[in-house]
Amino acid sequence: MTTLTKPEAQPTPQGSEHFLSVRDLYVQFATEDGTVKAVDGLSFDLDRGKTLGIVGESGSGKSVTNLAILGLHNPRNTTIAGEIMLDGQELTGASERTLEKLRGKKMAMVFQDSLTALSPYYTVGRQIAEPYMKHTGASKKEAKARAVEMLGRVGIPHPQSRVDDYPHQFSGGMRQRAMIAMALVCDPELVIADEPTTALDVTVQAQILDLLKDLQQETGTSIILITHDLGVIANTADDVVVMYAGRAVERGTVRDILKTPEHPYAWGLLGSIPRLSADVNVPLAPIPGSPPSLLNPPPGCPFHPRCAFAETVGGDRCRTERPQLPDGRGSACHLTVDQKRDIFIEQIQPRLR
Amino acid sequence: MFRFLTRRVLGAIVILFLITAVTYFLFFVLPSDPAQLACGKNCSNKDLVSAIHHRMGLDQPVYQQYFDYIRGIFFGRNMPDGQNCAAPCFGFSFANDQPIWPLISDRYPTTFSLAVGGSAAFLVIGVGLGMLSAWQQGKTFDRVASSISLLGNSVQIYFIGPLAIALFADNLGWLDHGHDPTWTSDPIGSLNGLVLPCLVMSVIFWSNYSRQTRSLMVEQMAEDHIRTARAKGMGSKYVFYRYALRGAAASIITIFGIDLGSVFGGAIITEATFGLHGLGNLAVNAVFSLDLPLEMAVMIFSASAIVIFNIVVDAAYALIDPRIRLA
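The residue numbers shown here count from 1 along each chain, following its written sequence. A letter from A marks each chain and a number from 1 marks each ligand, given out in the order of writing. With the structure being a predicted model, the display of local features is reserved for residues of pLDDT at least 70 and the display and counting of side-chain atom pairs for 80 or more, all residues being used for whole-chain, interface and lining totals. Heavy atoms from the whole structure form the basis of all side-chain values; hydrogens and water molecules are not counted.

Brief notes about the pairing of strand E9 (residues 239-244) of chain A
All names here are of chain A. The classification of residues rests on relative accessible area computed with a 1.4 Å probe and restricted to protein chains. Under 20% of the type maximum is buried, over 50% is exposed, and intermediate values are partly exposed. For helices the rule is a DSSP run of H or I covering at least 4 residues; for strands it is a run of E covering at least 2, with both sets numbered from the N terminus onward. Along E9, 5 of the 6 residues are buried, which leaves the element largely enclosed by surrounding structure. Here the rule is simple: two strands pair whenever DSSP picks up at least two bridges between them. Bridge count between strand E3 (residues 51-55) and E9: 4 bridges; the pairing is parallel. Within E9, the residue paired with Val55 across the bridge is Val242. Note: E9 against strand E10 (residues 247-253), 6 bridges, orientation antiparallel.

If you want it as structure tokens, here you go:
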């Protein structure tokens, strides 16, 4: 990884330190058409044992952010700048060797589509055992025993025999469980789950989320849960970051985001969730338009072309001035605090019933 | 795996049966009278022709002739004129009345050695170059290697063969001129004599394999499961060899299976270029002398070799890709 600007080494206060702290992260891809600003000045924190939900549409930079934490981008066309501190260790600009030791051991990732994310050529057991052997120096036999133990822990029946199966012999839900077993085999302190339930049907989704929560309670790991589904966040996350066009546009506790969201984009996300209790004749309200091009993001607030409230702000502030996201609870929007509250109560909330 | 192999072998037997049947009927039933051919030009004596008919068993119904022919391959048989033909019996040559099998068993080591040696050479060189190119993707080595591959892809055996002989054998004296192997009596000399033909034959193949391997490896490295392996902390070399190569190998083997026929074809052209005496040489002579039993035998033999190697390739494929094994 190349760093644009090395951040100044700041004296960091010990003790009050967050477990994971991302500051002003920029991830840019050089393509033939120009530079894609996939992540554009993102900051967030995560404490031990907590779950952070990152929500946003496809292409909002959620996955890119987390691949950057693991250092999995192709260094040839990717520029990463900013600061990623994991347990006091700087990860941007860390050597491949250092990162290799951390991946799988201290930080692990659960990927979305378990059919393509697991190698079809090796047994599930071997794929789980591999990182355990690498990081703990365990023998083949010990690692296999560990793989059986992990498969049992994630609720796969007959782990003793299933350990020798290939991924294609597992059902979708079981494969996702195996993925989780693989991520947790070395007891990582940070687990990044990238849309872990998107490829699964709803009943299995709930099981997988419960499983992640249970395992978190047992081991006390921190989890970053990436999703586009606010319903997934509701039951699992402590804090939420809403991302749009590579930036965080709103930040708060899960209760804040679901009960009193402030950003028009978050309103749109909430409005597009289907509810069983809703009137079947009222169509869902999708967010109009599509996510902006990251090659050439709109000036000012990146959401303004899709925002219904740009007029309310008045003038062309939304088109010219990029709203800042305050520290802690808040949203990056030019609407005043009162306007946000009033619009939400008067116009948005009634539609959510 | 056992069931898989059984199925493949049974399938191969059916295919071989069809090949022999079609060839047999084409050669012996359709175009001209073999007795007339065996009798020679200007043979107008009716009695002589019918005597030959009887001697060759041509007065029997066609299915009986075919049955006798197949039985002869497995158990040997006595020809109608009382001549004994030991198994495997492919009949007697029209040209010189010799039993066919010794002619073939004399020649096939050359063709077989060429095919195997050439394949080994182009797989090692081609796949190796392709892997290095993929590893060095976009760098100088990659560019040079793809240029060389393009060049190798556009030459022919009969063009580079003589050039290679002139350079490496005549001028530099590093390698032997090609000569027929005699594995039992002179293994080292046989090896020496095969190096140049095998290398020349490999050129037209490895260029293709290096380009295929490169693109397969690059494709594999972009797969999701590669990213997963790296996210587990596996080193990039480990991932390259254990994960990406494994995926690419399945496709390489598929391509190799398709190329098997051309490998034997290439071996035949190489024989001609280097003046070796293999099956190709034998078949060409058989065609020119209208020696039908010999042609037929060469054809059955080559077809069997290709079918058998195909089973080996399929088995290798199944070993590499577990999804095939159970299908």
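Section: the domain arrangement of chain B
All names here are of chain B. Once the domains are mapped, chain B shows domain 1 (2-99) and domain 2 (101-325). Between two residues, a contact is recorded if the distance between any of their heavy atoms is within 4.5 Å. Facing 22 residues of domain 1, the contacting portion of domain 2 comprises 21 residues. Buried area: the sum, over both parts, of the accessible surface (1.4 Å probe) that disappears when the two are put together. Both sides of the domain 1 and domain 2 interface together cover about 2,200 Å² of buried area, and 81% of this is carbon and sulfur. Among the residues domain 1 hides against domain 2, the three largest losses belong to Phe4, Phe27 and Phe90. Together they make up 28% of the total. Salt bridges are defined as contacts in which a side-chain nitrogen from Lys or Arg sits within 4 Å of a carboxyl oxygen from Asp or Glu. The interface formed by domain 1 and domain 2 holds 1 salt bridge in total. Among the ionic pairs, Arg8 bridges to Asp314, the shortest N-O distance being 2.6 Å. Counting of polar contacts relies on pairs of N or O atoms within 3.5 Å, with two restrictions inside protein: one atom must be capable of donating a hydrogen and the other of accepting it, and residues adjacent in sequence are counted only when both atoms are side-chain atoms. Linking domain 1 with domain 2 are 2 residue pairs in polar contact (both at pLDDT 80 or more). Domain extents, as shown, originate in an automatic or database domain assignment.

Some thoughts on the state of the cysteines
Whenever a pair of cysteine sulfur atoms sits within 2.5 Å, that pair is classed as a disulfide. For the structure shown, the criterion picks out 1 disulfide over all chains. Put simply, Cys85 of chain B and Cys89 of chain B are joined by a disulfide, and their sulfur atoms are 2.1 Å apart. The S-S bond linking Cys85 of chain B to Cys89 of chain B shows a torsion near 110°; that makes this disulfide right-handed. The same class applies to Cys85 of chain B and to Cys89 of chain B, which are both buried. A disulfide-free cysteine, Cys301 of chain A has its sulfur positioned 5.8 Å from the sulfur of Cys318 of chain A, the nearest such atom. Using a relative accessible area of 9% as the deciding quantity, one classes Cys301 of chain A as buried.

Regarding the domain arrangement of chain A
Each assigned domain of chain A is listed here: domain 1 (112-187) and domain 2 (260-352). Spacing between the C-alpha centres of domain 1 of chain A and domain 2 of chain A amounts to 42 Å.

Describing the pairing of strand E2 (residues 34-46) of chain A
Residues and elements named next belong to chain A. Of the strand pairs in this sheet, strand E1 (residues 20-31) and E2 are connected by 10 bridges, and their pairing is antiparallel. Within E2, the position partnered with Phe29 by the bridge is Val36. Hairpin connection of E1 to E2: 2 residues between the antiparallel strands.

A few points about the packing of aromatic side chains
Residues and elements named next belong to chain B. Pairing of aromatic side chains requires ring centres within 6.5 Å, counting the rings of Phe and Tyr and the six-membered ring of Trp. Pairs whose planes differ by under 30 degrees are stacked, by over 60 edge-to-face, and all others tilted. Counted under the stated rule, the structure contains 23 aromatic pairs over all chains. Aromatic side chains Trp101 and Phe301 sit 6.1 Å apart centroid to centroid with 55° between the ring planes, which places their arrangement in the tilted category. With a gap of 200 residues between them, Trp101 in helix H5 (residues 100-135) and Phe301 in helix H12 (residues 292-320) connect regions that are remote in the sequence. Among the aromatic residues, those joined into a cluster by ring pairs are Phe17, Tyr24, Phe25, Tyr66, Tyr69, Phe90, Trp101, Tyr108 and Phe301.

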